[in-house]
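# Examining the three-dimensional arrangement
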Amino acid sequence: MTASVDAKKEGGFLAGLIKSGAHQKLLAFASLIMLLIGFSLGSPNFMQMSNMIAILQATSVIGVLAIGVTLIIITGGIDLSIGTMMTFCAVICGVFLTYWGLPLPVGVVAGIGAGAFCGFCSGTFVAKMKIPPFIATLGMMLILKGLSLVISGTRPIYFNDTPGFDKISRGSLIGEVIPGLPIPNGVLILFLVAIGVAYVLSRTVLGRYTYALGSNEEAVRLSGVNADRWKIAIYTFAGAICGIAGVLIASRLNSAQPALGLGYELEAIAAVVIGGTSLAGGRGTILGTLIGALIMSVLTNGLRVMSVAQEWQTVATGAIIILAVYADMSRKK
Amino acid sequence: MDKIVEMIGVDKGFPGVQALKDARLELYKGEVHALMGENGAGKSTLMKVLSGIYKKDAGEILIRGKPEEPVGPREAQALGIGIIHQELSLMMDLSAAQNIFIGREPRLSFGRIDDAEMNRKAATLFSSMHLDLDPQTVVGDLTIAKQQMIEISKALSFNSEVLIMDEPTAALNDAEIADLFNIINKLKANGVGIVYISHKMDELKRIADRVTVMRDGQYVGTVDAKETPVDQIIAMMVGRKVQHDPLVVPEISDVPVALEVRGLNRGKEIRDVSFKLHRGEVLGFAGLMGAGRTEVARAIFGADPLDAGEVFVGGEKRHITSPHDAVKAGIGYLSEDRKRYGLAITMDVAANTAMPNLENFTSQLGVLNESEIDTATQEMVDKLNIRTPSIHQEVRLLSGGNQQKIVVGKWLLRDCDIFIFDEPTRGIDVGAKAEIYRLIEDLTARGKAVIMISSELPEVMRLSHRILVMCEGRVTGILPGGEGTTQEDIMTLATQRDTNQQNAGYIQ
Ligand SMILES: Nc1ncnc2c1ncn2[C@@H]1O[C@H](COP(=O)(O)OP(=O)(O)OP(=O)(O)O)[C@@H](O)[C@H]1O
Ligand SMILES: [Mg+2]
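Basis of the calculations
Residues numbered from 1 in each chain as written. Chains lettered and ligands numbered in written order. Predicted model: local features only at pLDDT ≥ 70, side-chain atom pairs only at ≥ 80, totals over all residues. Heavy atoms only, no water. Pairing = 2+ DSSP bridges. Helix = DSSP H or I, 4+ residues; strand = E, 2+ residues; numbered from the N terminus. Axes fitted to C-alpha atoms, helices over the stretch in contact; angles between N-to-C directions. Contact = heavy atoms within 4.5 Å. Donors = N, O, S within 2.8 Å, 3.2 Å for Na, K, Ca; no water. Buried < 20%, exposed > 50% of the residue type's maximum accessible area, 1.4 Å probe, protein only. Phe/Tyr/Trp six-rings, centres within 6.5 Å; stacked < 30°, edge-to-face > 60°. Lys NZ or Arg CZ within 6 Å of the ring centre and 35° of its normal. Near = heavy atom within 4 Å. Polar contact = N/O pair within 3.5 Å; in protein donor to acceptor, adjacent residues only side chain to side chain. Areas by Shrake-Rupley, 256 points an atom, 1.4 Å probe, with all protein chains shown as cover. Buried area = accessible area lost by both parts, 1.4 Å probe. Salt bridge = Lys/Arg side-chain N within 4 Å of Asp/Glu carboxyl O.

All names here are of chain B. Taken together, the six strands give an open sheet; going across it, the order is S16-S17-S18-S13-S19-S20, and neighbouring strands pair in mixed fashion. On the outer flanks of this sheet lie strand S16 (331–334) and strand S20 (474–480), each paired with one strand and no other. Across the sheet, the mean angle separating the axes of adjacent strands is 20 degrees when strand polarity is ignored. Examined bridge by bridge, strand S19 (residues 466–471) and S20 share six bridges and lie antiparallel to one another. Opposite Leu468, over in S20, you have Ile478 as the bridge partner. Where helix H15 (residues 430–445) meets the sheet, it contacts strand S13 (282–287), strand S17 (418–422) and strand S18 (449–453), and its direction lies at approximately 145 degrees from that of S18.

All names here are of chain B. Here the magnesium ion (ligand 2) is held by Ser44 (OG) and Gln86 (OE1), and the distances to it run 1.9 to 2.1 Å. Linking Ser44 in helix H1 (residues 43–50) with Gln86 in the loop between strand S6 (81–84) and helix H3 (96–100), this pair joins segments that are 42 residues apart in sequence. By relative accessible area, Gln86 is classed as buried at 15%.

Here the focus is the packing of aromatic side chains. Aromatic ring pairs: the centre-centre distance and the angle between the two ring planes describe each pair. Residue and element names in this part refer to chain B. This model, assessed by the stated rule, comprises ten aromatic pairs over all chains. Relative to Trp411, the ring of Phe301 has its centre 6.2 Å away and its plane inclined at 85 degrees; by these criteria the two rings are edge-to-face. Here Phe301 is found in the loop between helix H9 (293–300) and strand S14 (308–313), whereas its partner Trp411 is found in helix H14 (residues 400–413), with 110 residues between them in sequence. One exposure class covers both Phe301 and Trp411, and it is buried. Among the aromatic residues, those joined into a cluster by ring pairs are Phe301, Tyr333 and Trp411. Positioned over the ring face of Phe158 is Arg104, at 3.8 Å from the centre of the ring. The cationic tip of Arg298 hangs over the ring face of Tyr341; the distance from NZ or CZ to the ring centre is 4.9 Å.

In this section: the site of ligand 1. Residue and element names in this part refer to chain B. Surveying the vicinity of ligand 1 reveals 22 residues, the closest of which are Lys43, Ser44, Thr45, Ser399 and Gly401. Interatomic distance of 2.9 Å between a side-chain N/O atom of Gln86 and an oxygen atom of ligand 1. If ligand 1 stood free it would expose 640 Å²; the protein chains cover 92% of that surface. Broken down by secondary-structure element, the contributors of at least two residues to the shell around ligand 1 are strand S2 (17–28), H1 and H14.

Looking now at the interface of chain A and chain B. With 28 residues of chain A in contact, the opposing surface of chain B contributes 32 residues. Taking both sides of the interface into account, the surface hidden between chain A and chain B amounts to around 2,500 Å²; carbon and sulfur atoms contribute 60%. The three residues of chain A that bury the most area against chain B are A:Arg208, A:Leu222 and A:Ser223, which together make up 26% of that side's buried surface. Across the contact surface, chain A and chain B share two salt bridges. A:Arg283 is the partner of B:Glu394 in a salt bridge, and the nearest nitrogen-oxygen pair spans 3.1 Å. Linking chain A with chain B are nine residue pairs in polar contact (both at pLDDT 80 or more). Looking at the side of chain A that touches chain B, the elements with two or more residues in it are helix H1 (3–6), helix H10 (185–203) and helix H11 (205–222) of chain A. The leading source of residues in the side of chain A that touches chain B is H11(A), at twelve residues.

Residue and element names in this part refer to chain B. Among the secondary structure elements, Val238 is positioned in helix H8 (residues 230–238). Given a relative accessible area of 10%, Val238 falls into the buried group. The spatial distance from the C-alpha of Val238 to the C-alpha of Gly431 is 7.0 Å, given a sequence separation of 193 residues. Dropping the residues within four chain positions of it, Val238 is found in contact with Glu38 and Arg215.

Here the focus is the sheet that holds S2(B). Strand pairing in a sheet is mediated by backbone hydrogen bonds. Such pairs are either parallel or antiparallel. All names here are of chain B. Across the sheet, which stays open at both edges, the four strands sit in the order S2-S1-S4-S5 with antiparallel pairing between neighbours. Sheet topology places S2 and strand S5 (66–67) at the edges, where each strand pairs with a single neighbour. Examined bridge by bridge, strand S1 (residues 3–14) and strand S4 (residues 58–63) share five bridges and lie antiparallel to one another. Across the sheet, residue Asp11 finds its bridge partner in S4, namely Ala58. Along the sheet face, H1 touches S1, S2 and S4 and points at about 115 degrees away from the line of S1.

What follows is the structure in structure tokens.
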């Protein structure tokens, strides 16, 4: 249960990550495997390599978003703005690359930087102005949605003039090295982000304070820690991760779609919760979130492959969320 | 006499800990039975088994001679067993009355709650306890002592035949303890059997009829409380003798001043407080509950705002507006309420110990040096004899006294110049208390300055080189430490009300 702090106990970082994840997330992991088995029995097309890759690709954006919001949720907060923030970052990317014609790396950095800035703002509202996270980020959600529409003039911004931009997500470095395994870069990025953030969470001061703030903010403050500053840092970091998601989705669509984004936040939060992170704060792991995100996309994909109607897919997703959290709760008893 | 409870051969294990093995307890009607033992001996666990919170692994529980296995607090209540837990379990946003009658609120028609009736019942309860409290006060606004009194009244409202009190006096002052003892005597006369857990040895003689001692989850023995010398009971608890070194009051008049505060003021809580604290000195803060000692401490530490006042550290004026500033200025503050302000209870022992010290344990890039944290924590665990299966155990799974030791440990690890200890030994057993006193003496020997706030006068007198007494937010006097000062001297100052102020308040 103490995955956060356990992770470091024995062996290397990765061993710790897997070990802690293994005993905490056993249940989520088991349900993932069960879903995989169930769907492959249900349809021969499901286990195809191309379908597996499609599932991973579908997970990449939501997975990165979920990783970002995991940090916020561990501090005992919530971020409702990540969906529209992601879009905002994509639009900023578009402004830098398409409107201003700046080089690709500048655009990517601008997208991520926009996310960090938005996170910084949310963090300041929450930590300094003491606005409850739910309200602060609800406000940010609307502000960013509006700004995306204003900046883009409500029209999609295409990246056709920036060759290589779509490769960020759709290209496959792995596929070039191992021709039989065309795993898209988006997926690679998801895993790199996951490993990086898991490292930060379990091994650095920032991570330590993330858990500590969620566990008992007042105790942290009275320990002489500048709790507000750390909280802002955590929101900023989460914002930057959201920026990465923005770049990923822009690259995957090869365009910034200003009307998109709303609803992503709930899907990401669902993934986090399925992964066993407590909305009360103080507990949670990146591995859990990753599994949670995979469960969501396997479910969507599997039901589609089995030709279940769209409406019923939504119902099933809702049911799975409740089931997963219930199972997690009864295990803890 | 009628045996009302008998527990025989009770075992209870948790992952990594055998909390109880062959524990025993026998309770008569109309008896106050003290349950004693070191921190982590299994007292709370045994009582949680009796009150249906934990399920025992083995053993037998006889209630009025009949084998019973209470599951859940409700069923225990039905069997006539009530418990006041060591850790407060009140809902901070609800009123006192709402807390007491939660789940059994007096009703009107259509399921509406009869608030008037509920508040009236609570008021009756409070007055029977000499508790001056408005039933509609929100619990979160009250001091920990008042909250404790609410817990007690809640337990009393069930009219149980067996009442378990797990360290009810840990947060109470002498007057409140006297009130509680009156209540206990009344209950006794009505034939209620009371299990009484406490680490305050003097209470034994005052209230208990028999004592059962536990060590490491095991039954050690049951003796008569009045006839058995305290030393013998302590020896049964710790398995050795605990010795007290006499207090040596150093000459401090020409030692540099570590901390000076001038004219601290905030509303009615802090009124014109000024004092000096020298290096190498223990300055005791005595006073009744609500005298403003904690308020002064928190204000110096920057945890609460001030209306006026200056703080000088090492002769230099410091502008402290947050705990972060205070720690940078070399001041550490150990809070009186460990659960609310002291610990991140879902984190492990090492994480909590390192909390005020993380910058000492991190690389330039902010990466934690786990092995150093672990080594330092392990040293602290050994030094304070903290009972935990490992330094990676979550703090919430430790016994109350062991949690308290971690709060002490985390500040001892931090190299402050000025330590403010607010009730540092709350819930800590006699052996470990002696060790903490020794550590405080070590600190002053190294030139550190210590402010010691404690509601236990003997403790203040045992440690302090000077004793500052407060009443109603004012400093009413500073007494020399050592033999010359008596409890009466302190109490006189502690009750020295400001008559002008009172009249003024009355006229308003
Ligand atoms: N839920 C739990 N999970 C794991 N270990 C536990 C749990 N509850 C208690 N323990 C362990 O059982 C032992 C006995 O704890 P208990 O709380 O009964 O001690 P205690 O005698 O009440 O001590 P104190 O005087 O400090 O309150 C301790 O070592 C504690 O760490
Ligand atoms: Mg206890």
